[in-house]
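Examining the three-dimensional arrangement
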Amino acid sequence: MSSRLEAEHLHKVFGRRPGEAVERLRKGADREELRADGTTAAVIDASFTVEPGETFVVMGLSGSGKSTLLRMLNGLLEPTAGHVRFDGQDLTALSDRELREVRARKISMVFQHFALFPHRSVRDNAAYGLEVQGVPRAERERRADEALALCGLAGWEKYWPDELSGGMKQRVGLARALATDADLLLMDESFSALDPLIRRDMQDQLIDLQKELKKTIVFITHDLNEAMRLGDRIAVMRDGRIVQIGTAEDILVRPANDYVASFIQDVDRSRVLTASAVMDTQLRGDEADCGCETARPETPFNELCAISARVSHAVAVLDAKRGLVGVVPRQRLVGFLGDEQGDPVPCDSPQDKGGAKAVARA
Ligand SMILES: Nc1ncnc2c1ncn2[C@@H]1O[C@H](COP(=O)(O)OP(=O)(O)OP(=O)(O)O)[C@@H](O)[C@H]1O
Ligand SMILES: [Mg+2]
């Protein structure tokens, strides 16, 4: 059974008199005011819960406080105010020794730049966390080899890190995190140093592994497309604060403010949206075409566009028992294609079967 992670009103202030700075923030001071005094409010009042087995993504621009937040989650940084609870334990209340123990057994980090030891074999790198735990050699090698196999590196155990490509090195980093059986995986820009194609591969691999392993994952990225592919939920950070937490669909369909809205302009909506996000639940069935061409709530946006282009009326969305749950008039699809001009992103995507284009022209 995986664990639950809770952050409660977390603050981290660097610089002089941090406690005082938190008080000022609570009274409404902003980050810039504090900066004028040489104090950096890296994380301001962050609260969220990550459920067991969930992949929670923290997304934000450089300097928004993502890494600082992550380092408080594993106790590497002490919060200036607030609490972190993991597995029911308040990390902020543990002694250094207890914290080290929790970090060694229950929490694993995967870094951006792999952090492999150059003079250790792939196997010994993957076994490192187990070595720290004092697991005997034979067992740690067996578990390291298992984790390497999970990450697609069977047969590479005896190689040296510098004989591996970047993507393979990151797989070793991931294997090292998985070998310890830690419940909580913290991943800080883990795929950002990889070429786009390899990066996608790694994302797919993580999605596949997660289906099986159901770890509790906090994944940090500055890339919203990556966030939307990986995250069950996404927290968007700006200037130290979390400005929205929601599913990919929430963020696309109901951005909390102009800042979030400006982020989502470049996102390929067609990959994220499904019929349930775009349908109108108020319209009646007789306004739709309930014939053979209908959609399901989970029908992807592009497919919905293709269906819409083939039917004469609006598309009916039916549940598994063929009950009507919503209706999608063609005009509604156009509204979701992007900003005012009907951003052509979905039309050019490779999965599109011409549907979105036809809708945009209609
Ligand atoms: N040890 C420190 N001492 C002082 N200021 C710090 C320290 N660590 C981080 N900061 C500041 O806190 C703010 C948030 O930094 P953080 O590294 O958490 O951002 P980030 O979102 O991870 O950025 P990036 O995407 O560049 O990694 C920045 O203004 C940074 O300069
Ligand atoms: Mg960072």
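What you see is a predicted model; the values in this text were computed from it and never measured.

Strand order in the open sheet formed by 4 strands is β2-β1-β4-β5, and the pairing between neighbours is antiparallel. Both outer strands of the open sheet, β2 (40-50) and β5 (89-90), are each paired with one neighbouring strand and no more. Taken together, the 7 bridges between strand β1 (residues 5-14) and β2 define a ladder with antiparallel strand orientation. Looking at β2, one finds that K12 is bridged to V43. Against the sheet, helix α1 (residues 18-26) makes contact with β1, β2 and β4 (81-86), and its axis sits at roughly 115° relative to β1, the strand it touches most. Here helix α3 (residues 66-73) sits on the sheet and contacts β1, β2 and β4; the angle it forms with β1, its principal contact strand, is near 125°.

This part is about the site of ligand 1. The local shell around ligand 1 holds 13 residues, among which S62, G63, K66, S67 and T68 are the closest. G63 has a polar backbone atom sitting 2.8 Å from an oxygen atom of ligand 1. The separation between an oxygen atom of ligand 1 and a polar side-chain atom of K66 is 2.8 Å. Looking at the shell around ligand 1, the elements that each hand over two or more residues are β2 and α3. The element that contributes the greatest number of residues to the shell around ligand 1 is α3, accounting for 3 residues. Looking at the shell around ligand 1, its residues break down into 3 nonpolar, 7 polar and 3 charged.

Moving on, we come to the side chain of Q205. Secondary-structure assignment places Q205 in helix α9 (residues 196-213). Excluding residues within four positions of it along the chain, Q205 makes contact with L150, C151, G152 and R171.

Looking now at the packing of helix α7 (residues 137-150) against helix α8 (residues 166-179). Between α7 and α8, the shortest axis-to-axis distance is 8 Å and the interhelical angle comes to 130°. The angle between α7 and α8 falls in the class oblique. At the point where α7 passes α8, the crossing takes the right-handed sense. Contacts between α7 and α8 involve R143, A144, A147 and L148 from the first element and V172, A175, L178 and A179 from the second.

For D45, which is not glycine, the phi dihedral falls at a positive 50°. Among the structural elements, D45 can be located in strand β2. On the accessibility criterion, D45 (36% relative accessible area) is partly exposed. Look at D87: it is not a glycine, yet its phi comes out positive at around 60°. Along the polypeptide, D87 turns up in the loop between β4 and β5. For D87, a relative accessible area of 39% gives the class partly exposed.

Hydrogen bonds between backbone atoms are what pair the strands of a sheet, whose relative direction is either parallel or antiparallel. Spatially, 6 strands are ordered β6-β7-β8-β3-β9-β10 in an open sheet, and the strand pairing comes out mixed. Either end of the sheet is taken by a strand with one partner, and the two such strands are β6 (107-110) and β10 (241-246). Going from strand to strand, the sheet's axes swing by 20° on average, the running direction of each strand aside. Sheet topology note: the strand β7 (residues 184-188)/strand β8 (residues 216-221) ladder contains 5 bridges and is parallel. Paired with L186 across the two strands is V218, which belongs to β8.

Reading guide: rules and limits
- Residues numbered from 1 in each chain as written.
- Chains lettered and ligands numbered in written order.
- Predicted model: local features only at pLDDT ≥ 70, side-chain atom pairs only at ≥ 80, totals over all residues.
- Heavy atoms only, no water.
- Pairing = 2+ DSSP bridges.
- Helix = DSSP H or I, 4+ residues; strand = E, 2+ residues; numbered from the N terminus.
- Contact = heavy atoms within 4.5 Å.
- Axes fitted to C-alpha atoms, helices over the stretch in contact; angles between N-to-C directions.
- Near = heavy atom within 4 Å.
- Polar contact = N/O pair within 3.5 Å; in protein donor to acceptor, adjacent residues only side chain to side chain.
- Nonpolar A, V, L, I, M, F, W, Y, C, P; charged D, E, K, R; others polar.
- Parallel < 35°, antiparallel > 145°, perpendicular 65-115°, else oblique.
- Left-handed = near helix turned anticlockwise from the far one by under 90°.
- Buried < 20%, exposed > 50% of the residue type's maximum accessible area, 1.4 Å probe, protein only.

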